[in-house]
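Coordinates in review
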Amino acid sequence: MLSDNPIGRVVATELKPSTPHQFHFWTARESPIGIGAIVRVEENGRVVYGVVTDGFAYSDLVTPMHAVIGADGDPVAAGTEGTIRAEIRLFTAAVLRQMPEEPLQPVPLGSVWLASDADVVLALRMDAYTRGERATGIPVGLYAGGGSEAPVYLDCDFLLGPEAAHLNITGVSGLATKTSAVEFLLSSIFQTFPAHKGSVAAVCFNVKGPDLCFLDQPASLSGEDLRQYARLGLRPEPFENVRYYAPLKPDGVNLNSLRTNEALAGNTEPLVWGLREVLDYAEVVLNRDDIDAKADAFIDFLAERVVGREYVDEMLRTKSFHVQSFADLDEFFRAIFDFMEAMGRGAEVWRTHHVATIRKVRNRLSNISTRSKGLVTDDGVSNDLPWGRLEDRSVHVVDVAGLDPLAQDLVFARVVSKLREHLERRDLGVDHVVVFVDELNKYAPADGPDTYVRKMLLDLSERGRYLGLVLFSAQQFRSQVQRRVVGNAGTGIYGRMDMDELAMPAYTTLSAATKIKLATLPKGELMLRHPHFTQPIFVKFPRPAVLNSREGIERFPPAAELPFADAVARQMRALDRRVSADAVRTLIDGRREEDVRRALAATRRERPVDVYSFFTACLGRRVPGEVSAARRGVPALKRVDDSYGG
Amino acid sequence: MNFEAMRRAVRLKGLASATAVPDASSGRLEEASIRPARLTEGPALRTIAFGSPECWPEAVAYLDGVQRSEIIGYAGSAPLFVAELAAAVRERRNRRLQTIVEARRTVVLARPAALAAAGEAVASLEAIPLPDTDPAHPLRDLLNAGEALDQARGALEILVGCRYRAQRDSWLVVDGTLSVSRQWSEDGRMVAVSKSHSILPFDGADLEQYLHLPCGHRSSVFAPVTRSLAPVRAWGLRLWPWEGKDLLYGLVRVEVAPCNGSTEQADAISRWIMADRAPVSAPDRRWDRLLYGMYSVEQYLKARP
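**Remarks on the interface of chain A and chain B**
Facing the eleven residues of chain A at the interface are 18 residues of chain B. Looking at the side of chain A that touches chain B residue by residue, the class counts come to five nonpolar, four polar and two charged.

Spelled out as structure tokens, the structure:
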């Protein structure tokens, strides 16, 4: 409960003077002040807001020896003295704001009050963006200090651009920091993003387990959570418009995801890419040693002259090439190699490309189709995110948890690049997109090779805000991420952190007490940096209103991997619940799996009104099997005039 | 010179070795004397073990005063002093001390002629005239000012003590003596603890026994011969072992009203005071005899601007 009485008073000595950025104050022993508390100092019309960064307590005991003497060396007696020594609670506070701001002077030696709600607004400069018709505040949590509790807002101009942008979250795993904070913040953004700022959507990469697999499912929240939602003015609801994309398993029909429970199939669809989608990002699948001008030139040649076009080279064959799929491409490569073999020794160059370069490119491209079978299809039919049709307040989760790291890089590079392309053309469907990437240290490591993905993330962090392309990233150890990527994040969130990580040079600006607090933060609390806040602020946030991964897996256990026919039937029923699984099984019985996959992909892409009929049509007429009679060998001719015959 | 060797030699002769006379144990050296007291507890002086320390059974308050003076100038050869006097009572409840009563005075001390010469420069201060029967002498006037200040501080302490007693009836421990006030010397809930031993109550073998009290022992109760207003009862009490330090180390004289002079009451009060040894009042150099409650009052008064 806040009182009108001051809770302390600023003190300044020669050794601990007040400065324009820091001051010290003492309080009563029972004061509710703690690390992170916001306080107000008032003196002669000057108001200074500060946040407590360190605390000290000591008594008038000069040397421990006197305590030993006083207790006759008996530790039991040490706590039973008739009088408790005079002691001090001395706090150090960092200045958040001075009013008036000029002239900037040392903090006056005035009384200290606990900050009220109104003080918190002023201290964090939230008055500039949470008031008026064009307010841009996004609730991020509750500041709780000294018995008070005040909502804290981020400025969406500085969170989603254009002034600053991006968010980075650091924290050890499993303590409700990274994923929960992003889920809560995204929900807050979706509910409070101001209309005058336009539309917003989110694309999340689920990189491990079932972390983001249940964003559309409601959680059961405690009364305290609900109270916090009410205090923040938010509705405790799951996301309404969520679509999931997961690659298929190598069988081409079962989803490579933990979100395979039939009850969740309605908004879960396969992510399948063909040759064109991969070729555009071939640089991702080539390692540093592969990247040279010759390989680049040949890939450009394939992309511009061969893939998706009619290509005629009568030296290779008279019939033109129609390269649409990896299978077509392999046929094209075979034709080149056949031609060069036919030319004999000395024929090592085809159309200025050396055979070694051609072989290298072929190997790398076929490698991705092998290692990422399920994501990359041989038959050329792709299923992708709805580029150009992203809806306001929609969430698109790309589940790459089950993919090979190379394929994860490919997915990441392509999705972000497509977002960028569409945002540049302003035809994505929304004005702002939040891209959430966990395990950023894997994609943009501080050390290691300068990969395509890292360069792309750097570019996104440096220039994305102008486009409305915003990176929300997370990692356990911020120090292991490329400095410029995290450095460009205007907003930083820190959950419970490892002390070893806190010992890194990047955290030297934090006081020892703040580090200890960070190392022991309870679930649901975090430290926040934001351009408007001159010092880090601790806030707590309610549990996200979506099912967490553990509960989600318990309530919606993944379906067992099904036989081919059953998996096809389930996907058909996901498209249209009226379709009979038995009818699908009967329909595809005896068909070639490649044909069934192709028909299923076409149906998925087309989403026809009559799913079953369309699928049947795509399958085509069943060609009855023929029983071929055993061939009899051609008998040798008997020539009577052959003197050797007989 | 190897002082330690000399101390060892003294010990070998059966004497008590010592290192330093504790601060403030001497009081005013010019008053150092022996005023034989009358024993009221038994026919002969004894060394009494009063038992284990015990906390005061209820709230207890501590009264003390401080003074600070500076010379501010001369009128001819007569000095002018300005002094700040303060006294307070801090009461201990639930092991914590809190100030209940305090009073402050700022005074100017000088010969009347010097006060007149200073005129309005010191007009806002309360004036305490120094005796002017002798010709002005800076050092004599300094001694006179010290005596006058002691009296003024004593009066201030009596004032705050009476104010406290008007509000509360808790035990009140004062620094010094009860015999400066008739009211105090009759107060059955007051105890004086004196660090000063300029006036000793015994001589000869009794004095030696008195000064050799072991730690945790007291002397028999006696009635000091007082020049002041009222009779009290007193006894010596050793708070800390003196061996290897000084005969006066850790030795205090406890004064109570006559009604508290029984053996039982002297033992009980001794146990309470003994419990007040901790926390020690270091870094004050008198910590061997200065109770923490008193130290707290002094610190409080000195800290206030």
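On we go from here.
**A word on the pairing of strand β14 (residues 251–256) of chain B**
Residue and element names in this part refer to chain B. Judged by how many residues are buried, β14 sits mostly within the fold: six of six residues are covered. Residue alternation in β14 divides its side chains into two sets, Leu251, Arg253 and Glu255 and Val252, Val254 and Val256, and both sets are buried. Bridge count between strand β9 (residues 190–194) and β14: four bridges; the pairing is antiparallel. Residue pairing across strands places Val193 opposite Val254, the latter belonging to β14. The sheet contact formed by strand β13 (residues 233–238) and β14 spans six bridges and is antiparallel. Along β14, the bridge assignment pairs Arg238 with Leu251.

**Observations regarding the environment of Val207 of chain A**
Residues and elements named next belong to chain A. By secondary structure assignment, the location of Val207 is in the loop between β10 (200–206) and α6 (223–232). Residue classification places Val207 among the buried positions, given that 23 C-beta atoms sit within 10 Å. Along the sequence, Val207 and Gly402 sit 195 residues apart, while their C-alpha atoms lie 7.9 Å from each other. The contact partners of Val207, leaving out residues within four places of it in the chain, are Val400, Ala401, Gln408, Asp438 and Glu439.

**Topic: the domain arrangement of chain A**
Domain boundaries assigned for chain A yield domain 1 (8–122), domain 2 (156–271 + 383–553), domain 3 (276–371) and domain 4 (562–619). Centre-to-centre, using C-alpha coordinates, domain 3 of chain A lies 34 Å away from domain 4 of chain A.

**Re the pairing of strand β20 (residues 491–494) of chain A**
Where strand β9 (residues 167–170) of chain A lies against β20 of chain A, four bridges are found, and the strand directions are parallel. If you follow Thr170 of chain A over to β20 of chain A, its bridge partner there is Tyr494 of chain A.

**Comments concerning the domain arrangement of chain B**
All names here are of chain B. The domain boundaries assigned to chain B delineate domain 1 (16–58 + 170–305) and domain 2 (66–169). Using C-alpha coordinates to define each centre, domain 1 is positioned 26 Å away from domain 2. Ranked by residue count, the leading element in the side of domain 1 that touches domain 2 is helix α7 (residues 292–303), at seven residues.

**Considerations on the sheet that holds strand β1 (residues 8–11) of chain A**
What the six strands build is a closed barrel, ordered β1-β2-β5-β4-β3-β6 (chain A); its pairing is antiparallel. Averaged over all pairs of adjacent strands, the angle between their axes in this sheet comes to 40°, without regard to strand direction.

**Focus: the nonpolar core**
Counting 170 residues, the largest nonpolar core has Ile38, Val39, Val433, Val435 and Val539 of chain A as its most contacted members. Ranked by residues supplied to this core, first place goes to helix α12 (residues 405–425) of chain A with eight residues. If we ignore the near neighbours within four places in the chain, the residues touching Val39 of chain A are Gly50, Val52, Ala93, Val112, Trp113, Leu114 and Ala115 of chain A. By size, the runner-up hydrophobic cluster in this structure holds 77 residues, among which are Leu45, Val173, Val193 and Ile199 of chain B.

Procedures and definitions
- Residues numbered from 1 in each chain as written.
- Chains lettered and ligands numbered in written order.
- Predicted model: local features only at pLDDT ≥ 70, side-chain atom pairs only at ≥ 80, totals over all residues.
- Contact = placed C-beta atoms within 7 Å.
- Nonpolar A, V, L, I, M, F, W, Y, C, P; charged D, E, K, R; others polar.
- Buried ≥ 20, exposed ≤ 12 C-beta atoms within 10 Å, placed from the backbone.
- Helix = DSSP H or I, 4+ residues; strand = E, 2+ residues; numbered from the N terminus.
- Pairing = 2+ DSSP bridges.
- Domains from an automatic or database assignment.
- Axes fitted to C-alpha atoms, helices over the stretch in contact; angles between N-to-C directions.
- Core = buried A, V, L, I, M, F, W, Y, C linked by C-beta atoms within 7 Å.

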